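Residue-level structure breakdown
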Amino acid sequence: MKNTDQFVTFSTVIDECNWMMMLKRPKESAVGTGLLAPFDQNVWILTLAAVIIYGPCLTLLTKLRSKLMPEEEDYIRLFPSFWFVYGAFIKQGTSLSPSANSTRVLFATWWLFIILLSAFYTANLTAFLTLSKFTLEIETVQDLYNKNYRWIATEGGPVENAVKNPDEEVHFLLKTVATGRGSFLPVNDMPSLLPYVSEGAVLVQPSVSLQYLMYNEYLQKTRLGVPEAERCTYVVAPGVFMTKRRAFAYQHKSKLKSLFNPVIKRVIRSGILSHLSLRYLPDTKICPLDLQSKDRQLRNTDLLMTYYIMITGLAAAVSVFLAEISLKRYIHPKNDTIHARFRQKIPKKIEPAIFDGSRPPPYECLFGKTIGQAKKKFINGREYWVIKKENGETRLIPMRTPSALLYL
C-alpha cells in the first residue's frame, strides 16, 4: 500500500520474497530452427548480402582489368560470376579457370571466406544441437503482454496489490488485466491451480511456493509410477520479476518494536528462517529448465529448414523447367527445315536401322561410300565414323553434330 509509513512503523526486514512465473513445460526450445540457430540474424543478413554482391564485384573488377590490359584474358561475365559464387558457397567446383593473378586472388578470397564461414557454422551447429540451453518464450512480465499469454494469481495476495499499484514496475500485468488476460482466482489450496497451468496459463506466485508445488506434484507422479522423463510437467521461468521485503508492522510509538527487533536480528543471522522455509525441499533443484538429457535426438524442428530448402529447390526447378518449355515451344520455336531437307536426300537403299534421318549430314554420300562400309568409334569422348578411302587414307567424321556438314 502507498504511504503506509504515516500509519505504521516496520520492524527489521525478515526476508525478501521473490515472485516468479510457472508455466507448462514446452516440448521444444524457444531458440528456433536448429539450422539457423548457430548464427545471429545480422550474420545471416550480411552473409546473404555477400553472396549477392560478390558476383557483380567480380565482374566489375575483371572488366576494369580487361580494359586496362586488353591483351590479357577477357573479363568474367555476370552470369558465370553468380554461378561461381553460389557454387563455392555450397562447396562445389567451377568451370572457370582464370589466368590473371588478380582474378585468382579474387577467387581465392571468396574460397577462404567460405571455408572460414563453413567452419564456424559447423562448430556452432554441433554445439547448439548437443549443448544448447533450453529456453522459454516467457521470461519476463513484458513477454506476457507482448505474446498475449494468459496468467493467473491468487486473489487478495501481494501480486494483486502490486498490480493495482500504478507506481510498481509491473504495469504490464495491469494492462493484461484490463484486456482480460490476467485474473485473480480465489483458491483454498495451491494444487487446484495446476489444471489452469496445464491448459496454457502462467501461474504467478512466490518462488518458494512454486518449488513446493512442483515438488509435491513430482512426488505424486513418482508414486503413480510415471516414467522419469514425464514427471517434470511444469517449469519455472528463470527471471524474478518482482521482489518484496517482508517485516512486522507496529503502531507508532509501540514498545513491541524495541522488544522484538533484537530477537528478529538474532534469528535472521542464525539462518533459522531460511532453513524453515526450505526444510521440506530437496537439496537439488526440482525440475530445472534444462533437464540435461544425454540421449538427445534430432527432431523435425531441428531439421525444419532442410525441408524448406528441399521444397523451395523443387519448386524452383519446376518453375525453370516450365519456363524453358515455354521459351522453346512458344516464344522461339525450333527450326527443323535443315533436318527436313536432309531427310529428303536419304536414298532408299540405306536401311533405317543404320541411318534414322536425325543425323544432320547425308552420310551415305561421303567419299562415295555408304554408312554400312564405315565403322563407329569413340575418340576423346566423342563419336566418329571411321572411313578408309581407296588410297588408304583414314578419315574421321563426327556423328550427330553440325560440323559433319563440312565433309559433304
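Note: the structure precedes this text.
Residues numbered from 1 in each chain as written. Predicted model: local features only at pLDDT ≥ 70, side-chain atom pairs only at ≥ 80, totals over all residues. Heavy atoms only, no water.

Let us now look at the overall build of the protein. On a plain count of helices and strands, the protein comes out with 12 helices and 11 strands. By residue count, 29% of the 408 residues in the protein fall in the buried class. Pairs at least 24 apart in sequence give 67% of the contacts found in the protein among residues at least 6 apart. Here the protein displays about 27,600 Å² of accessible surface, and carbon together with sulfur accounts for 59% of that area. (Helix = DSSP H or I, 4+ residues; strand = E, 2+ residues; numbered from the N terminus. Buried < 20%, exposed > 50% of the residue type's maximum accessible area, 1.4 Å probe, protein only. Contact = heavy atoms within 4.5 Å. Areas by Shrake-Rupley, 256 points an atom, 1.4 Å probe, with all protein chains shown as cover.)

Another point: the pattern of salt bridges. For side chains bearing opposite charge, pairing can occur when the charged atoms are close. Taken as a whole and judged by the stated rule, the model has 3 salt bridges. Asp-15 is paired through a salt bridge with Arg-246; the nearest N and O atoms lie 2.7 Å apart. With Asp-15 in strand β2 (residues 15-24) and Arg-246 in strand β7 (residues 242-246), the pair connects residues that are 231 residues apart, well separated along the chain. We classify Arg-246 as partly exposed; its relative accessible area is 44%. The closest approach of N and O atoms between Glu-217 and Lys-221, which form a salt bridge, is 3.0 Å. Here Glu-217 and its partner Lys-221 are both found in helix α8 (residues 207-223), 4 residues apart, which amounts to about one turn of the helix. The exposure class assigned to Lys-221 is buried, which follows from its relative accessible area of 17%. (Salt bridge = Lys/Arg side-chain N within 4 Å of Asp/Glu carboxyl O.)

Within the structure shown, the criterion is met by 11 aromatic pairs. Measuring from centroid to centroid gives 5.8 Å for Trp-44 and Tyr-121, while their planes differ by 75°, and the two rings are edge-to-face. Taken together, the residues Trp-44 in helix α1 (residues 41-68) and Tyr-121 in helix α3 (residues 101-131) connect sequence positions 77 residues apart. Residue classification places Trp-44 among the partly exposed residues on the basis of a relative accessible area of 27%. Ring centres 4.8 Å apart and planes at 25° place the aromatic pair Tyr-54 and Trp-110 in the stacked group. One end of the pair, Tyr-54, is in helix α1; the other, Trp-110, is in helix α3, with 56 residues separating them in the sequence. By the burial criterion, Tyr-54 is buried, and Trp-110 matches it. A connected cluster of aromatic rings, assembled from ring pairs, spans Phe-39, Trp-44 and Tyr-121. Between the NZ or CZ atom of Lys-63 and the centre of the ring of Tyr-75, over which it lies, the distance is 5.4 Å. Its end group placed over the ring of Tyr-75, Arg-77 keeps NZ or CZ at 4.9 Å from the ring centre. (Phe/Tyr/Trp six-rings, centres within 6.5 Å; stacked < 30°, edge-to-face > 60°. Lys NZ or Arg CZ within 6 Å of the ring centre and 35° of its normal.)

This part takes up the side chain of Ser-81. By the secondary structure assignment, Ser-81 is in helix α2 (residues 78-89). Relative accessible area serves as the criterion here: at 0%, Ser-81 is assigned to the buried category. Excluding anything up to four places from it in sequence, Ser-81 contacts Gly-55, Leu-58, Thr-59 and Ile-76.

Before going further, it helps to examine the packing of α1 against α2. In contact at an axis separation of 8 Å, α1 and α2 are set at 140° when each is read in the N-to-C sense. Of the possible angle classes, the one that applies to α1 and α2 is oblique. The interaxial crossing formed by α1 with α2 has right-handed handedness. Every residue of α2 that contacts α1 at Thr-47, Val-51, Ile-52, Tyr-54, Gly-55, Pro-56, Leu-58 and Thr-59 is listed here: Leu-78, Ser-81, Phe-82, Phe-84, Val-85 and Phe-89. For the contact of α1 with α2, the per-class residue count stands at 10 nonpolar, 4 polar and no charged. (Axes fitted to C-alpha atoms, helices over the stretch in contact; angles between N-to-C directions. Parallel < 35°, antiparallel > 145°, perpendicular 65-115°, else oblique. Left-handed = near helix turned anticlockwise from the far one by under 90°. Nonpolar A, V, L, I, M, F, W, Y, C, P; charged D, E, K, R; others polar.)

Once that is clear, we can look at the sheet that holds strand β9 (residues 375-379). Whenever strands of a sheet pair, they do so through backbone hydrogen bonds, lying parallel or antiparallel. As summarised here, the arrangement of the 3 strands in space is β9-β10-β11, forming an open sheet in which the pairing is antiparallel. Each end of this open sheet is capped by a strand with a single partner; those strands are β9 and β11 (394-398). The average angle at which neighbouring strand axes cross in this sheet is 40°, direction not considered. Of the strand pairs in this sheet, strand β10 (residues 382-388) and β11 are connected by 5 bridges, and their pairing is antiparallel. Bridge pairing in β11 links Lys-388 to Thr-394. (Pairing = 2+ DSSP bridges.)

A few words now on the state of the cysteines. With the rule as written, the count across this model stands at 1 disulfide. The disulfide that involves Cys-232 links it to Cys-287, with 2.2 Å between the sulfurs. Taking the sign of the torsion about the S-S bond as the criterion, the disulfide between Cys-232 and Cys-287, at about -80°, is left-handed. Remark: Cys-287 occurs in the loop between α10 (272-277) and α11 (304-331) and Cys-232 occurs in the loop between α8 and β6 (234-236); sequence separation between them is 55 residues. Note on accessibility: Cys-232 and Cys-287 belong to one class, buried. (Disulfide = S-S within 2.5 Å.)

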